[in-house]
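# Chain and residue survey
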Amino acid sequence: MSRLEGLRVLVTGAAGGMGRSHCERLADEGASVIALDVVQAKSELEETAQAVRERGGVAVTGVADIRDFEDLAAVVADCVAEVGGLDVVVANAGVYDTPGPSWTVDPAVWNRSLDVNLTGAWHTVKACVPHFGDGGSVVLVSSTAGIKGIAGASHYSAAKHAVVGLARTLANELGAEGIRVNSVHPGSVRTPMIINERVFANLCPDIENPTEADAAAVLSARNLLPVPWVDPVDVSNAVLFLASAESRYMTGCQLVVDAGLTQKV
Ligand SMILES: NC(=O)c1ccc[n+]([C@@H]2O[C@H](COP(=O)([O-])OP(=O)(O)OC[C@H]3O[C@@H](n4cnc5c(N)ncnc54)[C@H](O)[C@@H]3O)[C@@H](O)[C@H]2O)c1
């Protein structure tokens, strides 16, 4: 028996990176998938839906910016009606803007980080919870930056810490309804969010035009296990566990997938 047979899941930020991987992995285990992303990512979103269908799963796509609650709630309602209900929400969409010391961060960068990473997660839950039936699982994607401070990323780290506060509060509010709320904390993950020249340059300030290999050496040194990053599917496996009944008595927990980054001294 598949681990999510008969369940309907909604994933934000589903057009690529980890979001696509979550959709694929959850579909592998029998879930019907609502894949949501912003309008700029519409064609990639269709590729995610196609990947789900190739696995034999049902896929419905929705286009909305999670910063716009009214729009998001309307899109969620339409998609949920199409799949016939909702059992699992994965608030995955996020952004990682230009890093720099806290006192130099541009207010627009600060606001975008808080708006997408924190308020967007809150909007997602707010739009989805009314559609839950008997019980459910909410997974909020935070980061190791939601557990420890990351120099140069105050806008991101503050938002991702706040996501933990949101998850813990929701766990208290929704426990009596049988709805569990947990957060997932990836370390470095091999997605477009960090595999790009801007992040390489930030990781390797002393190297002119640093490559992926240069960045990998820096990131490897931060982990206990001998890898620079984990793959999206490693995080999707944690999401799958929290979505499934295998974690039925876990709520208000933080599940870390970081190759030991947060434990390294
Ligand atoms: N990649 C990493 O190393 C890493 C590490 C820890 C945590 N995370 C977190 O994991 C999650 C997924 O990250 P990723 O690496 O797959 O990133 P990504 O940049 O590859 O994908 C992010 C997705 O979110 C979507 N998105 C962005 N803003 C949106 C908005 N306003 N409304 C709707 N969708 C929006 C994008 O279109 C994109 O499809 C994020 O919350 C991120 O902060 C990533």
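What you are looking at is a predicted structure, and each value in this text was computed from that prediction instead of being measured.

Ranked by internal contacts, the top residues of the largest apolar core, which has 37 residues, are L10, I34 and L140. Counting residues per element, the ones that place at least two in this core are strand 2 (32-37), helix 3 (69-83), strand 4 (86-91), helix 4 (107-128), strand 5 (132-141), helix 5 (154-174) and strand 6 (179-186). Among all residues touching I34, those that are not within four sequence positions of it are V9, L10, V11, V60, C79, V80, V83 and L86. Membership of the second largest hydrophobic core comes to 32 residues, among which are A41, A49, A243 and A259.

So, on to the packing of aromatic side chains. Counted by the stated rule, this structure contains 1 aromatic pair. Relative to Y156, the ring of Y96 has its centre 5.0 Å away and its plane inclined at 75°; by these criteria the two rings are edge-to-face. With Y96 in the loop between strand 4 and helix 4 and Y156 in helix 5, the pair connects residues that are 60 residues apart, well separated along the chain. Here Y96 falls in the buried class, since its relative accessible area comes to 17%. The side chain of K126 reaches across the aromatic face of F69, ending 4.7 Å from its centre.

What follows deals with the site of the ligand. In the region of the ligand, 29 residues are neighbours, and M18, D37, N92, Y156 and T191 sit closest. The contact in question runs from a nitrogen atom of the ligand to an N or O atom on the backbone of I66, over 3.1 Å. Within the side chain of K160, an N or O atom sits 2.9 Å from an oxygen atom of the ligand. When the ligand sits alone it has 840 Å² of accessible area, and the protein chains cover 90% of it. Looking at the shell around the ligand, the elements with two or more residues in it are helix 1 (17-28) and helix 5. A per-class count over the shell around the ligand returns 15 nonpolar, 10 polar and 4 charged.

Another aspect to go through is empty space enclosed by the protein. Under the definition given, this model contains 1 cavity of 30 Å³ or more. In this structure, the largest cavity is lined by 14 residues; those nearest its centre are A91, A93, N117, A121 and V141. Among the secondary structure elements, those contributing two or more residues to the lining of the largest cavity are helix 4, strand 5 and helix 5. For the lining of the largest cavity, the element with the most residues is helix 4, which contributes 5 residues.

The rules behind each value
Residues numbered from 1 in each chain as written. Predicted model: local features only at pLDDT ≥ 70, side-chain atom pairs only at ≥ 80, totals over all residues. Heavy atoms only, no water. Core = buried A, V, L, I, M, F, W, Y, C linked by side-chain atoms within 4.5 Å. Buried < 20%, exposed > 50% of the residue type's maximum accessible area, 1.4 Å probe, protein only. Helix = DSSP H or I, 4+ residues; strand = E, 2+ residues; numbered from the N terminus. Contact = heavy atoms within 4.5 Å. Phe/Tyr/Trp six-rings, centres within 6.5 Å; stacked < 30°, edge-to-face > 60°. Lys NZ or Arg CZ within 6 Å of the ring centre and 35° of its normal. Near = heavy atom within 4 Å. Polar contact = N/O pair within 3.5 Å; in protein donor to acceptor, adjacent residues only side chain to side chain. Areas by Shrake-Rupley, 256 points an atom, 1.4 Å probe, with all protein chains shown as cover. Nonpolar A, V, L, I, M, F, W, Y, C, P; charged D, E, K, R; others polar. 1 Å grid on protein atoms, 1.4 Å probe; cavity = no way out; pocket = protein on both sides within 12 Å on 5 of 7 lines; lining within 4 Å. Points joined across faces, edges and corners; volume = space filled by probe spheres on them.

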